[in-house]
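Remarks on the overall topology
Read off the chains here:
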Amino acid sequence: MAVDKVAGMGRIAVIGAGMGAMAAAARLAVAGHRVTVYERTDTYGGGVRRFERDGFAFDTGPGLLPLPAVYRDLFVKTGKEPLEDCVELVQVDPSARHVFADGTQVSLPNASRAGVVTALDEALGAGAGQRWGDFLVRAREAWDRTRRPLLEEPLWPNWQVLAEREPYPSVPHKKLLRTRRAATVTEIGAWELRDERLAAVLESHALAYGLDPRTAPASAAVLPYLEHAFGTWYVRGGMRELARALYERCVQRRVGFVFGAEVTGVLEKDGRAAGVELADGSVAEADFVVAGVAPEALSHPAARAGGGPAPRRCLPSRLTVLLALRGGRPEGAVHRTVVHAADRAAELEGLFGSAPAAPGTVTVLRPDDPALVPDAGHEAVALVSTVPAGSGGPGGAEDMITVAERAVPGLRDRLLWQEVRTPADIAAETGSASGAVPPPALAAAAGALLYPANTGALPGLFTAGGWSHPGGGLPHAGMSGALVAGLIVEGPEFRGSQ
Ligand SMILES: Cc1cc2nc3c(=O)[nH]c(=O)nc-3n(C[C@H](O)[C@H](O)[C@H](O)COP(=O)(O)OP(=O)(O)OC[C@H]3O[C@@H](n4cnc5c(N)ncnc54)[C@H](O)[C@@H]3O)c2cc1C
């Protein structure tokens, strides 16, 4: 890569207006580059969308924000107004209520170890809280070991060590003459948590990201740890407000946006990326290209094959049922309730195996937010389930409402109307094949959950967003933007922004 193209100010073409791409765009604009975002739809935010009708509003993408520090840092580094001046962040407390298959329920306080231990002991029996608390200590170790390489730094050239080493310090488990250590989420549940309901709490974190707990590595313990340590957050007005704030920050920093502009390929000149080719046949030249899209969204092979692990395949999607209800949100209703599947084995076989789909775990979201309803006499509730990518129409919606009634009795009687968002809607909004939603990068599992590096095979081409390092989810995709900006501004020697 020519030195002047690394250090100098240049034109940058960004493909897609998803959160990872916009995070890169804002940072690059602040560094003095002339940045233009080419987005194929007519709006920003990618999967972070809102559905509105009759005075009701619903998030159709993520409903909660983990690890807000990533967006706080982005807003500090790109302007005067901190994130909290641009959106209202609210801690969700309790962070979740769990309704288990056997009817037991527990509400877990937000970011409070003592509170969680007490709540679990009371609901599940003495000792359950301690076992979960001890698990969180081990999960913290996994987080400390992977935070830098799997969130804050570009993919290591020797990324194979992340693929091979399990960072979760599992407890030796003696069975007959053999001593084994939990290698998967399910094994942590069975051998360390030793309570089906505690295991269900752990598995629900993996499932919510589309991971099969039977094969997800023990390192997925960082997912509940993240929520526990840094809290669970909601953005007042809906999560789409975060996308709006980021878009507005980009515009303030003079990032140009071209909507309705589908990029069909990356222009290549003299062996490096030189711009983008658009569906209308035009070409936009640039010194650097940042692709913030799923690999299959672009025809140029170099956009697909960055260095490092192969692109992820066969990831699940989400089915979301938006419910407009008569009757106000009751005082004390919990923001997020996880209603666990009656038959977890059938759920997992339907999702990840070849068995027919079975009613699965349903997350019920009931934000306490007047902006989402026409008046106090109505409530907006969203139900979310992980489903196979490409799975058909609204078939599972009725099952989901039935499951959700275990958390919200009388739900169906209050129903004014419902809107179902399928994997096909997610595919239309993001461009990912079959509506697959990528999870964050995780260590171990022979590298199956690692993502390609942010530097593409073609010099001058970089990748941001959920399909490249460090993977999907709002914080991880946001960090990909920081990594790409660092790699462009500082060059290949950039080692992380923290
Ligand atoms: C239903 C749902 C639930 C989710 N739940 C959670 C959650 O609970 N927690 C969490 O942290 N994350 C969650 N996510 C994931 C999170 O929304 C994403 O990881 C995050 O928004 C990052 O997205 P991205 O940067 O990869 O861009 P994407 O959202 O994938 O957007 C890509 C953008 O690129 C555009 N594009 C694609 N191809 C082209 C092209 N050829 N030319 C021009 N533009 C193109 C698309 O139109 C789109 O705007 C969820 C996502 C969905 C859809």
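An account of the accompanying structure is given in this report. From a predicted model like this one, the values you see are computed outputs, not experimental measurements. (Residues numbered from 1 in each chain as written. Predicted model: local features only at pLDDT ≥ 70, side-chain atom pairs only at ≥ 80, totals over all residues. Heavy atoms only, no water.)

**Let's talk about the overall build of the protein**
Put simply, the test is: Counting from the N terminus, the helices are the DSSP runs of H or I reaching at least four residues and the strands are the DSSP runs of E reaching at least two. Summary of the burial criterion: residues with accessible area below 20% of their type's maximum are buried, those above 50% are exposed, and those between are partly exposed, where the area comes from a 1.4 Å probe applied to protein chains only. Two residues qualify as a contact provided that any one of their heavy atoms is within 4.5 Å of a heavy atom in the partner residue. Working definition of accessibility: Shrake-Rupley area with a 1.4 Å probe, residue cover restricted to the visible protein chains. In this tally, Asp and Glu contribute negative charge and Lys and Arg positive charge; neither His nor the terminal groups of the chain are included. By convention, the point assigned to a charge is CZ for Arg, NZ for Lys, CD for Glu and CG for Asp.
In terms of helices and strands, the protein carries 17 helices and 22 strands. Each principal axis of the C-alpha distribution contributes one length, and for the protein these read about 65 × 60 × 45 Å. Buried residues in the protein amount to 59% of all 498 residues. In the protein, the share of contacts with a sequence separation of at least 24, taken over all contacts with a separation of at least 6, comes to 70%. Roughly 19,400 Å² of accessible area belongs to the protein as shown, and the carbon and sulfur atoms make up 52% of that amount. Each charge class in the protein was averaged separately, 50 positive and 56 negative side chains, and the resulting centres sit 4 Å apart.

**Re unusual backbone geometry**
For residues besides glycine, phi is generally negative; the peptide bonds are generally trans as well. Omega for the peptide link from Asp93 to Pro94 comes to 0°, which places this bond in the cis form. With respect to the element layout, Pro94 can be found in the loop between β6 (89–91) and β7 (96–99). Residues His469 and Pro470 are joined by a peptide bond in cis, for which omega reads 0°. When you line up the elements, Pro470 lands in the loop between β22 (461–463) and α17 (474–490).

**With respect to the sheet that holds strand β15 (residues 283–285)**
To be explicit about the condition: A pair of strands counts as paired when DSSP detects no fewer than two bridges linking them. For every element, the axis is a line fit to its C-alpha atoms; helices are fit only across the contacting stretch, and the angle between N-to-C directions ranges from 0 to 180 degrees.
An order of β13-β14-β15 is seen for the three strands of this open sheet, with the pairing classed as antiparallel. At either end of the open sheet lies a strand with only one pairing partner, and these are β13 (263–269) and β15. Averaged over all neighbouring strand pairs, the angle between strand axes comes to 30°, with direction disregarded. Judged from the three bridges that link them, strand β14 (residues 272–278) and β15 form a sheet pairing that is antiparallel.

**Description of the pairing of strand β3 (residues 50–53)**
As judged from the four bridges shared by β3 and strand β4 (residues 56–59), these two strands associate in the antiparallel manner. Within the sheet, the bridge partner assigned to Arg53 lies in β4 and is Phe56. The loop that links β3 with its antiparallel partner β4 comprises two residues; one of these, Asp54, has a positive phi angle of about 50°.

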